[in-house]
Amino acid sequence: MKKPFSWDDYSDQPALLQDRTFKKSMRKKELPSLLYTFLSALILLPLSMLATPFIKRKEIESKQFFSLGIDFQRDAHATTDMIEELGVESILTRFKLWEMEKLPQLKEFLSKYKNKKITLKILQDRENIEDLALLRENLTQIFQELDDIVDIFEIGSTINRAKWGFFSVREYLAFYKVAFNLKQKQFPNIKIIGSDVIDFEFHYTAHTLFNFCKCKYDGIAALLYVDRRGAPENTQLGFSLTDKLALLSTMVWLSPKTKQELHITEVNWPLSGTAPYAPTSEYECVSEEVYANYMLRYYLLAFASQQVDSVSWHQLIAPGYGLVDNRDSIKKREAFYVYKQMIQTLQNAQFLRLDIKRGYYIIQLWVDEQLLQIHWSLKPTTLKNEDFFEVYSKTGKRLKNEILDINDSPIYIFITKEVGKKVNASERIE
């Protein structure tokens, strides 16, 4: 990565671009594309919102839904042990195009996980964006080495942030088309996904999905962070996380450019007191307990939408936002055990329904021939612990209290009576 671009090893992302003159000149150069982004969004976003109620849900395979981001260069042995402990079936790792010399190391690492579903997120730099011949050479090498190991190649990332190298969707489409052409001509069996817009900036997504580029996606990737709004149930411009997912899914269904797959390939909340490792300012940071609650609820709401094929927790080891802090030694945070409980409980789950009443949420699922309800409430309340309840905390601790506290920390309630009697616990809220 060459100047004026630089990589911040603390937060695992590019540093902010300090050269304002350079940014201004590049955006001026890309003005026609930026204008198309704006105009297409004026038409396509309202159309998508109108169509949202008519888009049917699909049945999501739970075993593939729960994914985990890992860094192949960070504590490799500990990573392997923890992946096995968690029991995760899908993993995602990132590879930097400006570090092609590390491709053999990546291949060796991923070869250990051939029994997992692997997504490889290919990170761009300005050199590969500007020199498409170089990009073609690098992607060819990556595909040749990894096409029998990697299930999904995610082409590019965070395309609507200048510090990541792109200054317009036009530049991204030219970048993505190199991968698409290679798939068409040399690697017909690989699966490539794209778009890769971060946050709730769907005007960029509209441009990636509706354009004149002679390319198509095997699925859409999005980095749908909501951390700046606090809790995942909070709204932005009137849209909660559930609403954002519905709108994004609708855009995917309407687009002639993609198969109907949607993958959230990054999401997290930054952790308080971890600067300079936190990727945002302290203002957006949350405690470890809140982080665990938010992330669990994000997953539950995304799974309940039945419109998202996978969500990848970003990531396993990261002092500023991960399940594990490795600054002094390997320290598993509460979120590690929350993720473990979630994935081991829900990997074979079938979604039944989501009920929301006055800020009280109940997700009902069918798990291993048993009814499971997951409860949480944005306003603390209580629930009687019935004889036919088998209750666990978010970390898997058995709860036997006569009265259950229902708050922003979800609890798992297995209904042990015969399913034919269909207990509706939502009627028992006190």
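Caption draft 1: Expanded view of the packing of aromatic side chains. Applying the stated criterion across every chain, the model contains 32 aromatic pairs. Relative to Phe-202, the ring of Phe-200 has its centre 4.8 Å away and its plane inclined at 80 degrees; by these criteria the two rings are edge-to-face. Taking relative accessible area as the criterion, Phe-200 reaches 14% and is therefore assigned buried. What makes Phe-202 buried here is its relative accessible area of 5%. An aromatic cluster is present here, built from Phe-65, Phe-66, Tyr-291, Tyr-299, Phe-303, Trp-313 and Tyr-339 joined pairwise through their rings. The ring of Tyr-392 is capped by Arg-398, whose NZ or CZ atom sits 5.7 Å from the centre of that ring.

Caption draft 2: Structural detail: the confidence of the model for the chain. Looking at the chain, pLDDT values average 95 and 97% of them are 70 or higher. Under a pLDDT of 50 for its full length, residues 419–430 has, in the predicted model, 22 contacts with residues more than four places off or in other chains.

Caption draft 3: Seen up close, the pairing of strand β6 (residues 152–155). In β6, alternate side chains face the same way, and those of Ile-152 and Glu-154 on one face and Phe-153 and Ile-155 on the other are all buried. In this structure, strand β5 (residues 117–123) lies alongside β6, joined through four bridges in parallel fashion. Residue pairing for β6: Thr-119 is matched across the bridge by Ile-152. In the sheet, β6 pairs with strand β7 (residues 192–198) via two bridges, with the strands oriented parallel. Looking across to β7, one finds that Phe-153 is bridged to Ile-192. Between the parallel elements β6 and β7, the chain passes through helix α8 (residues 169–185) in a crossover that is right-handed.

Caption draft 4: Looking closely at unusual backbone geometry. Cis geometry is found at the peptide bond from Lys-3 to Pro-4, where omega equals 10 degrees. Inspection of the secondary structure assignment puts Pro-4 in the segment before β1 (7–8). Despite not being glycine, Ser-195 shows a phi value in the positive range, around 95 degrees. With respect to the helices and strands, the residue Ser-195 is situated in strand β7. A relative accessible area of 1% places Ser-195 in the buried class.

Caption draft 5: Expanded view of the nonpolar core. Within the largest apolar cluster, 115 residues are counted, with the highest numbers of intra-cluster contacts made by Ile-142, Phe-143, Phe-153, Ile-155, Leu-316, Tyr-339 and Leu-346. Ranked by the residues each element gives to this core, the list is headed by helix α11 (residues 288–305), at 12 residues. Beyond its immediate sequence surroundings of up to four residues, Leu-346 is in contact with Ser-62, Phe-66, Leu-300, Leu-365, Leu-372, Ile-374 and Tyr-412. Among the nonpolar cores identified, the runner-up in size contains 12 residues, and Leu-383, Phe-389, Ile-406 and Ile-413 belong to it.

Caption draft 6: Quick peek at the side chain of Ser-240. Here Ser-240 shows up in the loop between β8 (220–223) and α10 (241–254). In this view, Ser-240 contacts Pro-232, Glu-233, Asn-234 and Thr-235; residues no more than four positions away in its chain are not counted.

Caption draft 7: Here's a closer look at the pattern of salt bridges. In the structure shown here, the tally under the stated rule is 27 salt bridges. Two residues, Arg-353 and Asp-355, come together in a salt bridge whose shortest N-O distance is 2.6 Å. Arg-353 gets classed as partly exposed once you look at its relative accessible area, which sits at 45%. By relative accessible area, which is 19% here, Asp-355 ends up buried. Via salt bridges that share partners, Glu-288, Asp-325, Arg-327, Lys-331 and Arg-333 belong to a single interconnected network.

Caption draft 8: Looking closely at the environment of Glu-289. Tracing the backbone shows Glu-289 in helix α11. Residue Glu-289 is classed as partly exposed on the basis of its relative accessible area, which comes to 48%. A C-alpha to C-alpha distance of 9.0 Å links Glu-289 and Arg-333, two positions 44 residues apart in sequence. Ignoring any residue separated from it by four or fewer positions in sequence, one finds Glu-289 in contact with Glu-334 and Lys-394.

Caption draft 9: Main features of the sheet that holds β6. An order of β3-β4-β5-β6-β7-β8-β9-β10 is seen for the eight strands of this closed barrel, with the pairing classed as parallel. Sheet twist, expressed as the average angle between the axes of neighbouring strands with direction ignored, equals 25 degrees. Sheet contacts for helix α5 (residues 103–111): β3 (66–70), β4 (90–96) and β5; angle to β4, the most-contacted strand, approximately 175 degrees. The strands touched by helix α12 (residues 334–346) within the sheet are β3 and β10 (310–313), with β3 carrying the most contacts at an inclination of about 145 degrees.

Caption draft 10: Summary view of helix α9 (residues 202–209). Of all eight residues that make up α9, seven are buried, and the element is covered over most of its length. Those residues of α9 that are buried lie in contact with α2 (31–51), α8, β7, β8 and α10.

Caption draft 11: Just the sheet that holds strand β13 (residues 349–357), in detail. Overall, antiparallel pairing links the six strands, which are arranged β13-β14-β15-β20-β17-β18 in an open sheet. Strands with a single pairing partner mark the edges of an open sheet, and in this sheet they are β13 and β18 (398–399). Inspection of the sheet shows strand β15 (residues 370–377) paired to strand β20 (residues 411–415) by five bridges, in the antiparallel sense. Among the inter-strand pairings, His-375 is bridged to a residue of β20, identified as Ile-411.

Caption draft 12: How the structure looks around the environment of Arg-74. Note that Arg-74 resides in the loop between β3 and α4 (76–86). Distance in space between the C-alpha atoms of Arg-74 and Lys-114 is 19 Å, their sequence separation being 40 residues. Once you skip the residues sitting within four places of it in the chain, Arg-74 turns out to touch Asp-12, Thr-79, Gln-315, Ile-317, Ala-318 and Asn-326.

Caption draft 13: Examining the packing of helix α1 (residues 20–29) against α2 more closely. Interaxial distance between α1 and α2 falls to 5 Å at its minimum, and their mutual angle equals 70 degrees. Considering the angle they form, α1 stands roughly perpendicular to α2. On the side of α1, the interface is formed by Arg-27, Lys-28 and Lys-29, while α2 contributes Leu-31, Pro-32 and Leu-34.

Definitions and cut-offs
Residues numbered from 1 in each chain as written. Predicted model: local features only at pLDDT ≥ 70, side-chain atom pairs only at ≥ 80, totals over all residues. Heavy atoms only, no water. Phe/Tyr/Trp six-rings, centres within 6.5 Å; stacked < 30°, edge-to-face > 60°. Buried < 20%, exposed > 50% of the residue type's maximum accessible area, 1.4 Å probe, protein only. Lys NZ or Arg CZ within 6 Å of the ring centre and 35° of its normal. pLDDT = per-residue confidence, 0-100. Contact = heavy atoms within 4.5 Å. Helix = DSSP H or I, 4+ residues; strand = E, 2+ residues; numbered from the N terminus. Pairing = 2+ DSSP bridges. Right-handed = clockwise from strand over helix to strand, strands pointing away. Core = buried A, V, L, I, M, F, W, Y, C linked by side-chain atoms within 4.5 Å. Salt bridge = Lys/Arg side-chain N within 4 Å of Asp/Glu carboxyl O. Axes fitted to C-alpha atoms, helices over the stretch in contact; angles between N-to-C directions. Parallel < 35°, antiparallel > 145°, perpendicular 65-115°, else oblique.

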